[in-house]
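Examining the three-dimensional arrangement
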Amino acid sequence: MTWDTCSDHCYCVVKKVKIEVAGIKPFRYFNYWQEHDQYKSTVLNCWARPIIGRGLNVIMGKLNRLKHCLKKFNRRELGVIPMEFQLAKDQFIMAQNYSAANPTDGSLIMAEKEAQRHFEMVNKRLNLKQQLQLVRPFSRKDVRDALFSIPSVKSLGPDGYGAGFFKGLWSEIGNEIADAILDFFKGGLIPNELNKTVISLIPKIDSPSTAIDYRPIACCNTLYKCISKMIYSRLSEVLACLVHDNQGAFIKNRLLAHNILIFQDLLKGYTRKNISARCLIKVDLSKAYDTVDWDFVEDILHGNGTSLKLVLEAFDEFGAATGLSANASKSSIYFGGIKNETKYDLLRLSKIAEGSFPLKYLGVNLRPTKWKASDCEGILSKFRKNLHGWSSRHLSFSGRCQLIHSILLGIRNYWMGMFILPQKITTLIDKMCRDFLWGCNGNRSKLHFCSWEHVCLPKDHGGLGFREGKKWNIAMMSKYIWAVSTKQDSLWVRWVNATYMKNVDFWFVTPIPDASWYFKKMLKLRGCC
């Protein structure tokens, strides 16, 4: 085969031989069939028909007969998208062949790209249909599970009924409530009274002056929450397919920390001399939530195969209009390996201020070099702010324990879930928790009735269930070791494998000098696992 008619760099298409006669396609049972409302009746009607024989011969005969019924059922009820998939695949292959035969024809190249986009879209819809089955109807059990997952102490909505009311009377009125909610998913109609929400504004700073200084908390009606949880339970299964891998928030089995680790890798080397020219731009956006184009969102859902009937309604009580909060941006640009005269030109053209390291990303200070103790000042300032507010209150011992568990250790764990903190910071955090637990007289701690090591024991061993900083930091980092060693399907694991491991087993990787400092620390932790 020759491909030098245009240039010595002309591409070619290499394909394996296609077998024209592949024989009879073997039967394969798919679990998602069970979710279809016609599945059970189709199977039982076929199964109930008598067959001659006895014992296992009867069972095998019924199973073989059922194969034909299920194949027809699959083609009749679920076969539209697979047929569309095959058609899109054939069109893509045809466009690819035409483009390969005429590499200088721009229209054929564009047609190939368009066929590829269509094929990928249909392929995604097929995956959703087979693996996730959003189209399956909800049941009374789904309603009950969603309602009973709402804590009874949650804030009440405008109607005043909490989840405890419905839970307490579920055996008497549960079926009626469930049927009414299921009717919503059939017709998409929801009463305006149910759709009302009380918005409570919680100040984020001591002296709020603008709308962005408040955190809005929506207090919805309980039945509205139940419907939302049911929708969420289905969407949580598909978001991983709909949302790109580099988006880590609110997606099951994804961690925001993975994005931070990848960014730390991208950042390394920025302050070195004689490196290739590079720059990064950090853009902070603060925009109004009411600027979402709902028609666009609806088109996206339909395009991905979602068939849920959801109706977005406007409310007279709260007239939404664009511009509730001003659109704003604060951008910075960071350079590496770029000469000063080029920097000035870029700054002048982009009208973006030059930033300095460390830069803050997702609340964490990042720099091209190893973390310093000063980079952890954010966690210490949050500790001091909380402790200052609590010091003026008369708190019981159990109250102080709860605040340490839920707030102080929560702040610490966010940072410990990404990097090994400097030992100086870890020790200081433990000391601040100890002093708050036992109390202080000025700058002097009160008597500690037992050691911190004993306090950090599990409750069934006489402790309070706290976690000793240094040991807990290592334990939290072990999840990354587990993810890499088991080759979990995540963007960060693929990044580490391609950048540092080169398909070598994690336990035998030799650290390279250019490796990021956090990865080197991970390799040192192998002996602790």
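Residues numbered from 1 in each chain as written. Predicted model: local features only at pLDDT ≥ 70, side-chain atom pairs only at ≥ 80, totals over all residues. Heavy atoms only, no water.

**A word on helix α7 (residues 170-187)**
Compared with the 26 Å implied by 1.5 Å per residue over 18 residues, the 24 Å span of α7 between its first and last C-alpha is a close match. Looking at α7, one finds that the buried residues are W170, G174, I177, A178, I181, L182, F184 and F185. Along its buried surface, α7 packs onto α5 (140-148), α6 (163-168) and α8 (222-242). Following α7 by one or two positions, G188 adopts a phi angle in the positive range, close to 75°. (Helix = DSSP H or I, 4+ residues; strand = E, 2+ residues; numbered from the N terminus. Expected span 1.5 Å × (residues − 1). Buried < 20%, exposed > 50% of the residue type's maximum accessible area, 1.4 Å probe, protein only. Contact = heavy atoms within 4.5 Å.)

**Quick word on the environment of H258**
Here H258 lies in helix α9 (residues 256-267). For H258, a relative accessible area of 9% puts it in the buried group. Separated by 237 residues in the primary sequence, H258 and W495 place their C-alpha atoms 9.9 Å from one another.

**Points about the nonpolar core**
Residues F419, W492, F519 and M522 are the most contacted members of the largest nonpolar core, which totals 62 residues. When residues in this core are grouped by element, the largest group, 8 residues, is from helix α13 (residues 397-416). The contacts of M522, once residues within four sequence positions are left out, are M477, Y480, I481, V484, W492 and F506. (Core = buried A, V, L, I, M, F, W, Y, C linked by side-chain atoms within 4.5 Å.)

**What to know about the packing of aromatic side chains**
The geometry of an aromatic ring pair is captured by two quantities: the separation of the ring centres and the angle between the planes. Scanning the model with the defined rule gives 22 aromatic pairs in all. Between the aromatic rings of W452 and F466, the centroid separation amounts to 5.7 Å while the plane-to-plane angle is 40°, which identifies the pairing as tilted. Placement of the pair is W452 in helix α15 (residues 452-455) and F466 in the loop between α15 and α16 (469-485), with a sequence separation of 14 residues. With relative accessibility at 6%, the residue W452 sits in the buried group. (Phe/Tyr/Trp six-rings, centres within 6.5 Å; stacked < 30°, edge-to-face > 60°.)

**Considering empty space enclosed by the protein**
Within the structure shown, the criterion is met by 2 cavities of 30 Å³ or more. Computed from the structure, the second largest cavity encloses a volume of approximately 40 Å³. Looking at the second largest cavity, the residues that line it are I150, K154, S155, L156, G157, Y161, G162, A163, C220, T222 and K225. Split by residue class, the lining of the second largest cavity holds 5 nonpolar, 4 polar and 2 charged. (1 Å grid on protein atoms, 1.4 Å probe; cavity = no way out; pocket = protein on both sides within 12 Å on 5 of 7 lines; lining within 4 Å. Points joined across faces, edges and corners; volume = space filled by probe spheres on them. Nonpolar A, V, L, I, M, F, W, Y, C, P; charged D, E, K, R; others polar.)

**Side note on the pattern of salt bridges**
Scanning the entire structure with this criterion turns up 14 salt bridges. The shortest N-O distance in the salt bridge between K431 and D435 comes to 2.8 Å. On the criterion of helical spacing, the pair formed by K431 and D435 is a turn pair, its members being 4 residues apart in helix α14 (residues 423-438). On the basis of relative accessibility, which here comes to 38%, the residue K431 falls in the partly exposed class. Judged by relative accessible area, D435 falls into the buried class, the value being 12%. (Salt bridge = Lys/Arg side-chain N within 4 Å of Asp/Glu carboxyl O.)

Any functional reading would require information beyond the geometric quantities listed.
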